[in-house]
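# An overview of the molecular structure
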Amino acid sequence: MSIERDEQVVIDTNYTTIHTLGRQNEGSRLRYMQKDGSFPVVFQKVPGDWSPYLMDIFTTLVEIRWRVMLLIFSLSNILSWLFFGLWYWLIAYVHKDADNDEDKLCVHNMRGFTGAFLFSMETQTSIGYGFRATAENCIVAIVVVTVQDLFSCILDTIVIGIVVAKMASARKRAQTVGFSRCAVVNLRDGVLCLSWRLGDFRGNHILEGVTRALLVRPIRQPLGSVVMSYQDLDIQKRDIVLATPATIVHKLEPGSPLYSLGPDDLLGDDFELVVSFTYTGDSTGMLHQTRTSYTPADIRWGQRFRDMLKLGKKHYKVDYALFNETTWVPVPLLSAEEFDRGRRPVEGSQSHSPLFPSVKRNGNTKVNPDITGEVIQQTCL
């Protein structure tokens, strides 16, 4: 891309360029939300420490990692076998089964702690080899077996419920609904608009969902503290049918917090656009939410998303290889506020206006603000 300094912009279409607006400042900014929807927030000196997690133990177990869940499942069974095995060994020790005859034993064929542990495991897992068994004349052993059986039912119910809840977790379904990796600013019906893409990558498409956008700004206080400022963005058509990819549009008009920002202002501004899509899964009936965020470095001024929906003979064809790809389009290099003040190029003086890029043809410079075709193909990295 070459730029002439005599008050005109020339785009050389012989080369493909990569748009890196604000990339140099990306590493120094702390994101409010990561691209995967997680928050880089660390709690320090929480009141009660672990008590909030223990009070809602089921949710805690559902949210922990699978390897931790498998470890807890294994330890809960092994420790319970050891606990009840110790009781059986104490019963046999107090009853002096080692010295009694076969017809006076509490538990048959249990001569030590190893036998007690095996009997505990066989009882709780319902293996029932038939080699070890409680005697009818030992009430204490019968009571312990009954308690262990009840405990085993409760433990299995909890573990199965947690595993099913983790497998049907809303986070898994949310991973198959995604936002584009960047947002774009272009003209729609003569109005500057900020837009981003949303798509469902599964076959059972979502027919009802609500999208939302929030502008987050960190405001630094004099004493060093930080206060987060939240502003809702007005979105066209919040209710979305996601059978095909949808483009979410926010008009940069009066009342928008981005109304006064131009392409150069994005470089020095510090904000984050947090977007979300909330919907109900048709398979499980659970409420799901997919979210991501865009920093100023993720906003591409003067670009639009490439068309990815085509009409076939029997189907609508969606090419998801183009989901994150954009193309350059002529867009005023001004903020929406300046653009609305009437700074559009006047007919007859277009060669002196920087609102739209001009193309050099046969040595002459010609401005064509009605260009709708692709100028430069851009892949959003």
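Residues numbered from 1 in each chain as written. Predicted model: local features only at pLDDT ≥ 70, side-chain atom pairs only at ≥ 80, totals over all residues. Heavy atoms only, no water.

The next point concerns the packing of helix H4 (residues 113-124) against helix H5 (residues 139-167). At a minimum axis separation of 9 Å, H4 and H5 run at an interaxial angle of 55 degrees. In this view, H4 runs oblique relative to H5, as classed from their interaxial angle. For the pair H4 and H5, the crossing hand works out as right-handed. The residues of H5 that touch H4, namely those facing Phe119, Ser120, Thr123 and Gln124, are Val145, Gln148, Asp149, Phe151, Ser152 and Leu155. In the contact of H4 with H5, the residues fall into 4 nonpolar, 5 polar and 1 charged. (Axes fitted to C-alpha atoms, helices over the stretch in contact; angles between N-to-C directions. Helix = DSSP H or I, 4+ residues; strand = E, 2+ residues; numbered from the N terminus. Parallel < 35°, antiparallel > 145°, perpendicular 65-115°, else oblique. Left-handed = near helix turned anticlockwise from the far one by under 90°. Contact = heavy atoms within 4.5 Å. Nonpolar A, V, L, I, M, F, W, Y, C, P; charged D, E, K, R; others polar.)

This part takes up a nonpolar patch on the surface. A surface patch of nonpolar side chains, amounting to about 1,000 Å² of accessible area, comprises Leu71, Leu75, Ile78, Leu79, Leu82, Leu86, Trp89, Leu90, Tyr93, Val94 and Phe113. Looking at which element gives the most residues to the nonpolar patch, the answer is helix H3 (residues 66-95), with 10 residues. Here Leu82 is to be found in helix H3. In this structure Leu82 comes out as partly exposed when scored by relative accessible area, which is 35%. (Patch = residues over 30% accessible without salt bridge, like charges linked within 9 Å, V, L, I, M, F, W, Y side chains within 5 Å. Areas by Shrake-Rupley, 256 points an atom, 1.4 Å probe, with all protein chains shown as cover. Salt bridge = Lys/Arg side-chain N within 4 Å of Asp/Glu carboxyl O. Buried < 20%, exposed > 50% of the residue type's maximum accessible area, 1.4 Å probe, protein only.)

The N-to-C vectors of H3 and H5 enclose an angle of 180 degrees; their axes lie 11 Å apart at closest approach. Relative to H5, H3 is oriented roughly antiparallel. Here the residues of the contact of H3 with H5 sort into 18 nonpolar, 4 polar and 1 charged.

All right, on to the nonpolar core then. Membership of the largest hydrophobic core comes to 34 residues, with the highest contact counts inside it found for Leu192, Leu194, Trp196, Leu198, Leu242, Leu273 and Phe277. Beyond its immediate sequence surroundings of up to four residues, Leu273 is in contact with Leu194, Trp196, Ala213, Leu214, Leu215, Leu233, Thr292, Ser293 and Tyr294. Ile91, Met110, Ala141 and Val145 belong to the second-largest nonpolar core, a separate cluster that totals 13 residues. (Core = buried A, V, L, I, M, F, W, Y, C linked by side-chain atoms within 4.5 Å.)

The next point concerns the pattern of salt bridges. Scanning the model with the defined rule gives 8 salt bridges in all. Two residues, Arg31 and Glu272, come together in a salt bridge whose shortest N-O distance is 3.9 Å. Residue Arg31 is found in the segment before helix H1 (51-55), and its partner Glu272 is found in strand S10 (residues 272-280); the two are separated by 241 residues along the sequence. Between Arg217 and Asp269 there is a salt bridge, with the nearest N and O atoms lying 2.8 Å from each other. Of the two residues, Arg217 is situated in strand S6 (residues 206-220) and Asp269 in the loop between helix H7 (265-268) and S10; the sequence distance between them amounts to 52 residues. Connected through salt bridges with shared partners, the residues Arg31, Glu272 and Asp298 form a single ionic network.

What follows deals with the side chain of Arg132. Relative to the assigned elements, Arg132 resides in the loop between H4 and strand S2 (133-134). For Arg132, the side chain forms a polar contact with the main-chain oxygen of Asn109, separated by 3.3 Å. The residues contacting Arg132, other than those within four sequence positions of it, are His108, Asn109, Gly115, Leu118, Phe119 and Glu122. (Polar contact = N/O pair within 3.5 Å; in protein donor to acceptor, adjacent residues only side chain to side chain.)

Before going further, it helps to spend a moment on the packing of aromatic side chains. Inspection of every chain in the model, using the stated rule, returns 11 aromatic pairs. Ring geometry for Trp81 against Phe117: centres 6.4 Å apart, planes inclined by 75 degrees, an arrangement best described as edge-to-face. Of this pair, Trp81 sits in helix H3 while Phe117 is found in helix H4, placing the two residues 36 residues apart along the sequence. Trp81 gets classed as buried once you look at its relative accessible area, which sits at 14%. (Phe/Tyr/Trp six-rings, centres within 6.5 Å; stacked < 30°, edge-to-face > 60°.)

A word on unusual backbone geometry. The backbone of Asp189 sits at a positive phi, close to 55 degrees, despite the residue not being glycine. Along the chain, the position of Asp189 falls in the loop between strand S4 (183-188) and strand S5 (191-200).

Considering the arrangement of structural elements, one finds Arg306 in the loop between strand S13 (303-305) and strand S14 (309-311). Taking the C-alpha atoms as reference, Arg306 lies 8.2 Å from Asn324; in sequence the two are 18 residues apart. A polar contact of 2.9 Å, which involves the side chain of Arg306, links it to the side chain of Glu325.

Turning our attention to the environment of Glu253. By the element assignment, Glu253 lies in the loop between strand S9 (246-251) and H7. The exposure class of Glu253 is partly exposed, given its relative accessible area of 33%. Taking the C-alpha atoms as reference points, Glu253 and Asp234, separated by 19 residues in sequence, lie 9.9 Å from one another.

With that settled, consider the confidence of the model for the protein chain. For the protein chain, per-residue confidence averages 77 on the pLDDT scale, and residues scoring 70 or more make up 75% of the total. Below pLDDT 50 for its whole length, residues 344-381 participates in 87 contacts with residues either more than four positions away or in separate chains. (pLDDT = per-residue confidence, 0-100.)

Okay, H4 next. In this model H4 runs 16 Å from its N-terminal to its C-terminal C-alpha over 12 residues, within 8% of the 16 Å that 1.5 Å per residue would give. All of the buried residues in H4 are Gly115, Ala116, Phe119, Ser120, Glu122, Thr123 and Gln124. Where H4 is buried, its residues meet H3, strand S1 (107-108), S2 and H5. Phi turns positive one or two residues past the end of H4, at Ser126, with a value near 60 degrees. (Expected span 1.5 Å × (residues − 1).)

A separate point is the pairing of S5. Of all 10 residues that make up S5, 9 are buried, and the element is covered over most of its length. Alignment of strand S3 (residues 177-179) against S5, held across 3 bridges, turns out to be antiparallel. Residue pairing across strands places Phe179 opposite Leu198, the latter belonging to S5. Bridge count for S4 against S5 is 5 bridges, and the pairing is antiparallel. Bridged to Val184 within S5 is Ser195. Two successive antiparallel strands, S4 and S5, enclose a turn made up of 2 residues, where Asp189 displays a positive phi of approximately 55 degrees. (Pairing = 2+ DSSP bridges.)

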